[in-house]
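# Remarks on the overall topology
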Amino acid sequence: MASFHHSYVFCIFLIIVLFGSVSVRAAYSVPHAPIVYRPSPWTLAHATFYGDESASSTMGGACGYGNLMTNGYGTNTAALSSTIYRDGYACGQCYQIRCVQSPWCSKGIATVTATNLCPPNWSQDSNNGGWCNPPRTHFDMAKPAFMQIAQWKAGIVPIMYRRVPCVRKGGVRFSFQGNGYWLLVYVMNVGGAGDIRNMWVKGTKTAWISMSHNWGASYQAFATLRGQALSFRLTSYTTKQTITAYNVAPANWNLGLTYQANVNFH
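Computed from a prediction, not measured in an experiment: that's the story for all the values here.

On a plain count of helices and strands, the protein comes out with three helices and 14 strands. Excluding contacts between residues fewer than 6 apart, the proportion of contacts in the protein whose partners are at least 24 apart in sequence is 69%. When the accessible surface of the protein is split by element, carbon and sulfur atoms take 59% of a total near 13700 Å².

Okay, structure coming up:
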């Protein structure tokens, strides 16, 4: 009987020690470090340019960023062939590009943001004018960016490129369009990997509402959200990291305006 009693007490003691150690580990667990996007390996492709030195013809574009100067992207931008444009999920990604194996090359490296699509031109051979035809990986750069890596007289040059982190000042920006029953949001100034895969919106009177990808860097919600402060949740296409931006827009938000969060990807 005494042996059973001692065994029972020992078991209770062991359980307390085990659960106690778990509790201590949980209390002192180290939080996970934020996901940091790092450069990819260099890969061979080709580049051309479009527009003139002012880059005025590059404004707008398939990503929907509008005026690239006022929205912080400047003239270091590029249109991507559909192979890497990925139906708009590549919008906002950043690349370093350098010219190689051409007498027209300069020693410069251009860092550009993907802001547009370079569509296929099936009337031209892929190696003679149809530079953006699948499965080619191609960058059609704004002329000021192209002139950082090669002389513009070259027309087309072989390049090495790699994905790099997007360095942005401040938080993610949300530009509102749509109407009272349909909110269309263009997502800009995205840091880290620069891209968005999924997005949700939450009003002060709603649960989280999943937004569908519209085109480029825009997402939409078919919901009545007027009169509510809005929060957004974003997941990166590349890193799968998710961030939440609370109370981005006040209850009296309006279409046509842009609101900035106080958070961004790393």
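It is worth spelling out the sheet that holds strand β11 (residues 218–221) at this point. The strand order across the open sheet formed by eight strands is β13-β12-β9-β10-β11-β8-β7-β14, and the pairing between neighbours is antiparallel. Because the sheet does not close on itself, it has two edges, and the strands there are β13 (242–249) and β14 (258–260). Direction aside, neighbouring strands of the sheet carry axes that sit 30° apart on average.

Now for the state of the cysteines. What the rule picks out here adds up to four disulfides. A disulfide bridge connects Cys99 with Cys105, and the sulfur atoms are separated by 1.9 Å. The disulfide joining Cys99 to Cys105 has a torsion of about -65° about its S-S bond and is therefore left-handed. One disulfide bridge connects Cys118 with Cys132, the sulfur atoms lying 1.9 Å from each other. Its torsion about the S-S bond being 90°, the disulfide of Cys118 and Cys132 is classed as right-handed. Of the two residues, Cys118 is situated in strand β4 (residues 109–118) and Cys132 in the loop between β4 and β5 (138–142); the sequence distance between them amounts to 14 residues. A relative accessible area of 4% means that Cys132 is categorised as buried. Disulfide connectivity for the protein, with bonded cysteines indexed by sequence position, reads 1-2, 3-8, 4-5, 6-7.

Moving on, we get to the sheet that holds strand β6 (residues 157–164). Taken in spatial order, the six strands of this closed barrel run β1-β5-β2-β4-β3-β6, and their pairing is mixed. Adjacent strand axes in the sheet meet at a mean angle of 45°, parallel and antiparallel pairs treated alike. Sheet topology places strand β1 (residues 43–50) next to β5; five bridges connect them, and they run parallel. Counted as the bridge partner of Phe49 is Met141 from β5.

Glancing now at the pairing of strand β12 (residues 230–235). By the criterion of burial, β12 is predominantly enclosed, with five of the six residues buried. For strand β9 (residues 198–203) and β12, the ladder comprises six bridges, and the chain directions are antiparallel. Counterpart to Lys202 in the pairing with β12 is Ser231. Summarising the sheet, β12 and β13 pair through five bridges and their orientation is antiparallel. Its bridge partner lying in β13, Phe232 is registered against Ala245. Hairpin geometry of β12 and β13 is characterised by an intervening segment of six residues between the two adjacent antiparallel strands and by a positive phi of about 65° at Lys240.

Counting 31 residues, the largest nonpolar core has Ile97, Phe139, Met141 and Ile159 as the members making the most contacts within it. Taken together, the elements giving at least two residues each to this core come down to β1, β2 (77–81), α2 (82–85), β3 (94–99), β4, β5, α3 (143–146) and β6. What Ile97 contacts, discounting residues up to four positions off in sequence, is Gly108, Ile109, Ala110, Val112, Phe139, Met141, Ile149, Ile159, Met160 and Tyr161. Counting 27 residues, the second-largest nonpolar core is a separate cluster that includes Tyr219, Ala223, Ile243 and Phe265.

This paragraph deals with the side chain of Ser81. By secondary structure assignment, the location of Ser81 is in strand β2. The exposure class assigned to Ser81 is buried, which follows from its relative accessible area of 0%. Polar contacts involving the side chain of Ser81 include one to the main-chain carbonyl oxygen of Arg136, which spans 2.9 Å. If sequence neighbours within four positions are ignored, Ser81 has contacts with Leu117, Cys118, Cys132, Arg136, Thr137 and His138.

Going from Pro134 to Pro135, the amide bond is cis rather than trans, its omega being 5°. Relative to the helices and strands, Pro135 is located in the loop between β4 and β5. You will see that Asp87, though not glycine, has its phi angle at about 55°, which is positive. Mapped onto the fold, Asp87 is located in the loop between α2 and β3.

Moving on, we get to the side chain of Gln241. One can find Gln241 in the loop between β12 and β13. With relative accessibility at 10%, the residue Gln241 sits in the buried group. Beyond its immediate stretch of four places on either side in the chain, Gln241 contacts Ile35, Leu234, Thr235, Ser236, Phe265 and His266.

About the criteria used
Residues numbered from 1 in each chain as written. Predicted model: local features only at pLDDT ≥ 70, side-chain atom pairs only at ≥ 80, totals over all residues. Heavy atoms only, no water. Helix = DSSP H or I, 4+ residues; strand = E, 2+ residues; numbered from the N terminus. Contact = heavy atoms within 4.5 Å. Areas by Shrake-Rupley, 256 points an atom, 1.4 Å probe, with all protein chains shown as cover. Pairing = 2+ DSSP bridges. Axes fitted to C-alpha atoms, helices over the stretch in contact; angles between N-to-C directions. Disulfide = S-S within 2.5 Å. Buried < 20%, exposed > 50% of the residue type's maximum accessible area, 1.4 Å probe, protein only. Core = buried A, V, L, I, M, F, W, Y, C linked by side-chain atoms within 4.5 Å. Polar contact = N/O pair within 3.5 Å; in protein donor to acceptor, adjacent residues only side chain to side chain.

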